[in-house]
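Residue-level structural notes
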Amino acid sequence: DIHVSVDRQGWVVPVNLIRKWGDDPAQIQKNASIYILSKDGKKAGMRTYVLGMKTELLYVGGQTFDGDVKGYIATGYFENDAGKKIAWVMRLNKDLSMVWQREYGRGLSAKLVKAAADENGDVLIAGDVNSAESNISGAWLAKLDGVRGTMYWQRYYASKNEDYNYNVRNIARHEDGRISLFLLGEVLDKKKIAEEGELLDDKEKYFGHLLTLNPRGRMLAGDGFYAGYGSYVSGMSLDKAGRRVLV
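Here's a quick rundown of the structure. (Residues numbered from 1 in each chain as written. Predicted model: local features only at pLDDT ≥ 70, side-chain atom pairs only at ≥ 80, totals over all residues. Heavy atoms only, no water.)

When helices and strands are tallied, the chain shows 0 helices and 18 strands. Expected size for 247 residues packed as a compact globule is a radius of gyration near 18 Å; at 19 Å, the chain falls within 12% of this value. Each principal axis of the C-alpha distribution contributes one length, and for the chain these read about 60 × 55 × 35 Å. With 247 residues in all, the chain has 45% of them scored as buried. (Helix = DSSP H or I, 4+ residues; strand = E, 2+ residues; numbered from the N terminus. Rg over C-alpha atoms; globule rule 2.2 N^0.38 Å. Buried < 20%, exposed > 50% of the residue type's maximum accessible area, 1.4 Å probe, protein only.)

Quick look at the structure:
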């Protein structure tokens, strides 16, 4: 992702650097950096964040905190000593220095892939969790206090019958407080949607799933989107009228 910088004079971009020594996968190191670029693409600022041998940032975006204090929220994950992915979120100042960070171990693995501003400078974070019981992937949504990073609430959205994986594609907050969470769904048992017993190929097992939630993450509606036998979806945005645009 690339987003406008908080001073609106350039861009902010998460960059993940991979270092490799030999052929041993255990010797691969990932470092996460954020670059601030000017309008003409020149580097105006940069910081690197390392929590372990493998640290990755998946999103960084500007937000207003504490009235008119501007900064950034960055999300991703790192791997602990046992190789488990731990979800990670940071609040940053305009110069990319850290205000706070939070780590969340959930299920077999977890990562935070998107964030959105909520009212009063609070933060909505969204990501994926692999269940420790079934190893299927489900969506995870939480609301944090923007000042201290304290969690107000969290919700999980997964297939009841373990038929599907769900992975977050984007999150958006509407002016009335509703939350839209757009997911990529993956059919695990392809026979369930095959016609006349014919198995679907890899391209035909994906679909979009749009959740409409109340301000506390409770379900209001869920809508599936297919084109032909399947659709690989990549994102969502809101237009000026608050309508959702799915890609």
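Our focus in this paragraph is a nonpolar patch on the surface. A cluster of nonpolar side chains, contributed by I2, V4 and W11, occupies part of the molecular surface with about 260 Å² of accessible area. You can see I2 is positioned in the segment before β1 (3-4). (Patch = residues over 30% accessible without salt bridge, like charges linked within 9 Å, V, L, I, M, F, W, Y side chains within 5 Å. Areas by Shrake-Rupley, 256 points an atom, 1.4 Å probe, with all protein chains shown as cover. Salt bridge = Lys/Arg side-chain N within 4 Å of Asp/Glu carboxyl O.)

Moving on: the packing of aromatic side chains. Scanning the model with the defined rule gives 6 aromatic pairs in all. On the numbers, 5.7 Å between centres and 85° between planes, the contact of Y104 with W140 is edge-to-face. Highlighted residues: Y104 in strand β8 (residues 98-104) and W140 in strand β11 (residues 137-144), separated in sequence by 36 residues. Look at Y104 and you get buried, because its relative accessible area is 9%. On the basis of relative accessibility, which here comes to 0%, the residue W140 falls in the buried class. (Phe/Tyr/Trp six-rings, centres within 6.5 Å; stacked < 30°, edge-to-face > 60°.)

With phi around 60°, R8 is a residue other than glycine that occupies positive phi space. Inspection of the secondary structure puts R8 in the loop between β1 and β2 (10-20). Here D66, not a glycine, exhibits a phi torsion of approximately 50°, which is positive. Here D66 shows up in the loop between β5 (55-65) and β6 (69-79).

Core analysis: the biggest nonpolar cluster contains 18 residues, and L141, I171 and L181 have the highest contact counts within it. For this core, the secondary-structure elements that each account for two or more residues are β9 (109-117), β10 (123-130), β11, β12 (151-157), β13 (164-173), β14 (179-187) and β15 (206-213). The element contributing the most residues to this core is β14, with 4 residues. In this structure, I171 is in contact with K114, A115, A116, L124, A126, L141, I179, S180, L181 and M236, ignoring residues within four places of it in sequence. (Core = buried A, V, L, I, M, F, W, Y, C linked by side-chain atoms within 4.5 Å. Contact = heavy atoms within 4.5 Å.)

Moving on, we get to the environment of I86. Mapped onto the elements, I86 comes out in strand β7 (residues 85-92). Sequence separation between I86 and V129 is 43 residues; the distance between their C-alpha atoms is 9.7 Å. Dropping the residues within four chain positions of it, I86 is found in contact with G76, Y77, F78, N80, E103, Y104, G105 and A110.

Attention now goes to the pairing of β11. Burial runs high along β11: 8 of the 8 residues are buried. Side chains S137, A139, L141 and K143 of β11 all project onto a buried face; the interleaved residues G138, W140, A142 and L144 project onto the opposite face, where all are buried too. Bridge count for β10 against β11 is 8 bridges, and the pairing is antiparallel. Of the residues in β11, the one forming a bridge with V129 is G138. (Pairing = 2+ DSSP bridges.)

A few words on the sheet that holds strand β4 (residues 43-49). The antiparallel open sheet is built from 4 strands, whose spatial order is β1-β2-β3-β4. Where the open sheet ends on each side, the last strands, each with one partner, are β1 and β4. Alignment of β2 against strand β3 (residues 28-38), held across 11 bridges, turns out to be antiparallel. Residue pairing across strands places I18 opposite K30, the latter belonging to β3.

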